[in-house]
Amino acid sequence: MAIWLTLCGAIVLVAYLLGSFPTGYIAVKQLKGIDIREVGSGSTGATNVLRTLGKGPGAFVLVLDSLKGVLAIALVYWLFNFAASQNYIPPTVDAKLWQPWVLTLVGLAAILGHSKSIFLGFSGGKSVAISLGILLAMNWQVGLATAGIFAVVVAISRIVSLSSIVGAIAVSIFMLLLHQPLPYILFGIAGGFYVIFRHRSNIERLIAGTEPKIGQNLASEPEQTA
C-alpha cells in the first residue's frame with residue numbers, strides 16, 4: 001500500500017508541476033522580451049497573450065495550455081496501467097473506484113499549478129484553457145459541451161471572461177446531465193468555482209461595464225495574480 005500511495009502522491013505533484021509550466025510567460029518573453037504579468041490583466045493566460053501579441057501567439061498558448069491538462073489526465077491512465085502491470089496496486093484497492101478520485105485530484109493540482117506557478121512566484125493564469133484540456137481528457141462529451149457554451153457566449157458577447165465564467169458554471173450541469181461519477185461532479189464544482197474566483201476582478205469590470213471585448217485593450221492597471 002505504501003508504494004501505491006507514494007505513486008498516487010507523486011502523480012499529483014507531477015500534475016502540479018506540469019500545470020505550473022509558464023507557457024504564456026515564456027511565449028511573450030521570447031517574442032517580445034517583456035514580462036506578461038506587467039501588461040494587460042497581469043495574467044499569463046491565452047487571453048492576455050492575445051491582447052499582447054495577437055491571435056497567432058494567443059491561439060498557440062491556448063492550445064499548449066489545454067494540452068497540459070490533457071497530459072496531466074493521460075498520466076493518471078498511464079499510472080494505473082503501469083501499476084497494474086507491476087502489481088503495485090494492493091489487492092484491497094479497487095482500481096475502478098480509485099481512478100476517478102485520482103483523476104480529480106490530478107486535475108485540481110494541474111489547475112492550481114497553472115494559476116499559482118512555482119516557477120513564477122505563485123502567479124499565473126486563470127486556469128480556463130488547462131481546465132478545458134482536463135475536461136476533454138476526463139470526459140470528451142463534457143469538454144465539448146463546455147467548449148460549445150464558451151463559443152456561443154463569446155460569439156454573442158465578444159467578452160472572453162464572461163464566456164469563461166458561464167462555461168465554468170456549465171461544467172457541473174453537464175457533469176450531472178451526463179451522469180458522471182461523483183469525483184467528476186466534485187471536480188466540476190470545485191474547478192468551476194476556482195475559475196470564477198480567479199475572474200473576480202473581471203466580474204467587477206463586467207458589473208461596471210468596463211470589461212474589454214476581443215480586440216480591445218484593458219484600460220485599467222494590471223491586476224494582481226499572486
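In this text the structure is predicted, and so the values were computed from the model without any measurement.

Undergrad: Help me understand the overall build of the protein chain in this model?
TA: Looking only at helices and strands, one finds 10 helices and 0 strands in the protein chain. Listed N to C, the secondary structure of the protein chain is α-α-α-α-α-α-α-α-α-α in terms of helices and strands. Scaling as 2.2 N^0.38, a compact globule of 226 residues should have a C-alpha radius of gyration of about 17 Å, and the protein chain matches this with 18 Å. A principal-axis box enclosing the C-alpha atoms of the protein chain has dimensions of 60 × 40 × 25 Å. Within the protein chain, buried positions represent 47% of all 226 residues. In the protein chain, the share of contacts with a sequence separation of at least 24, taken over all contacts with a separation of at least 6, comes to 69%. The averaged location of the 8 negative side-chain charges in the protein chain is 5 Å from the averaged location of its 14 positive side-chain charges.

Undergrad: Please clarify how a nonpolar patch on the surface should be interpreted in this entry.
TA: A cluster of nonpolar side chains, contributed by Leu13, Leu17, Ile118, Phe119 and Phe122, occupies part of the molecular surface with about 490 Å² of accessible area. Here phenylalanine 122 lies in the loop between α5 (95–115) and α6 (128–138). The partly exposed category is assigned to phenylalanine 122, whose relative accessible area is 46%.

Undergrad: Please explain helix α1 (residues 2–20) as it appears in this structure.
TA: Residues three or four positions apart in an α-helix share a direction because the helix packs 3.6 residues into each turn. Between the first and last C-alpha of α1 there are 27 Å, a value that for 19 residues agrees with the 27 Å anticipated at 1.5 Å per step. Taken together, the buried positions of α1 are Trp4, Cys8, Ile11, Ala15, Tyr16, Leu18, Gly19 and Ser20. The inward-facing, buried residues of α1 contact α4 (55–85), α5 and α6.

Undergrad: Can you help me understand the nonpolar core in this one?
TA: Note that soluble globular proteins tend to have their nonpolar side chains buried in a common cluster. Trp4, Val102, Val106, Ile134, Met138, Met175 and Phe187 are the most contacted members of the largest nonpolar core, which has 33 residues in total. Broken down by secondary-structure element, the contributors of at least two residues to this core are α1, α4, α5, α6, α8 (160–177) and α9 (182–198). Other than its neighbours up to four places away in sequence, phenylalanine 187 contacts Thr104, Gly107, Leu108, Ile111, Ile134, Leu135, Met138, Met175 and Gly192.

Undergrad: When you look at the confidence of the model for the protein chain in this model, what are you seeing that I'm missing?
TA: Note: predicted coordinates in regions of low pLDDT should not be interpreted at a detailed level. With 96% of its residues at a pLDDT of 70 or more, the protein chain has an overall mean of 92. Confidence drops under pLDDT 50 across residues 220–226; counting only partners more than four residues distant or on other chains, this segment forms 28 contacts.

Undergrad: What exactly am I supposed to notice about the packing of aromatic side chains here?
TA: Each aromatic ring pair is summarised here by two numbers: the centre-to-centre distance and the angle between the ring planes. Following the criterion strictly, the structure yields 4 aromatic pairs and no others. Ring geometry for tryptophan 78 versus phenylalanine 82: centroids 5.1 Å apart, planes at 10°, classification stacked. Remark: phenylalanine 82 and tryptophan 78 occur in helix α4; sequence separation between them is 4 residues, near one turn of the helix. Aromatic ring contacts, followed pair by pair, group Trp4, Phe80 and Trp98 into a single cluster. Note that arginine 200 overlies the ring of phenylalanine 197, its terminal NZ or CZ placed 4.2 Å from the centroid.

Rules of the game
Residues numbered from 1 in each chain as written. Predicted model: local features only at pLDDT ≥ 70, side-chain atom pairs only at ≥ 80, totals over all residues. Heavy atoms only, no water. Helix = DSSP H or I, 4+ residues; strand = E, 2+ residues; numbered from the N terminus. Rg over C-alpha atoms; globule rule 2.2 N^0.38 Å. Buried < 20%, exposed > 50% of the residue type's maximum accessible area, 1.4 Å probe, protein only. Contact = heavy atoms within 4.5 Å. Lys, Arg positive; Asp, Glu negative; His and termini not counted. Charge placed at Lys NZ, Arg CZ, Asp CG, Glu CD. Patch = residues over 30% accessible without salt bridge, like charges linked within 9 Å, V, L, I, M, F, W, Y side chains within 5 Å. Areas by Shrake-Rupley, 256 points an atom, 1.4 Å probe, with all protein chains shown as cover. Salt bridge = Lys/Arg side-chain N within 4 Å of Asp/Glu carboxyl O. Expected span 1.5 Å × (residues − 1). Core = buried A, V, L, I, M, F, W, Y, C linked by side-chain atoms within 4.5 Å. pLDDT = per-residue confidence, 0-100. Phe/Tyr/Trp six-rings, centres within 6.5 Å; stacked < 30°, edge-to-face > 60°. Lys NZ or Arg CZ within 6 Å of the ring centre and 35° of its normal.

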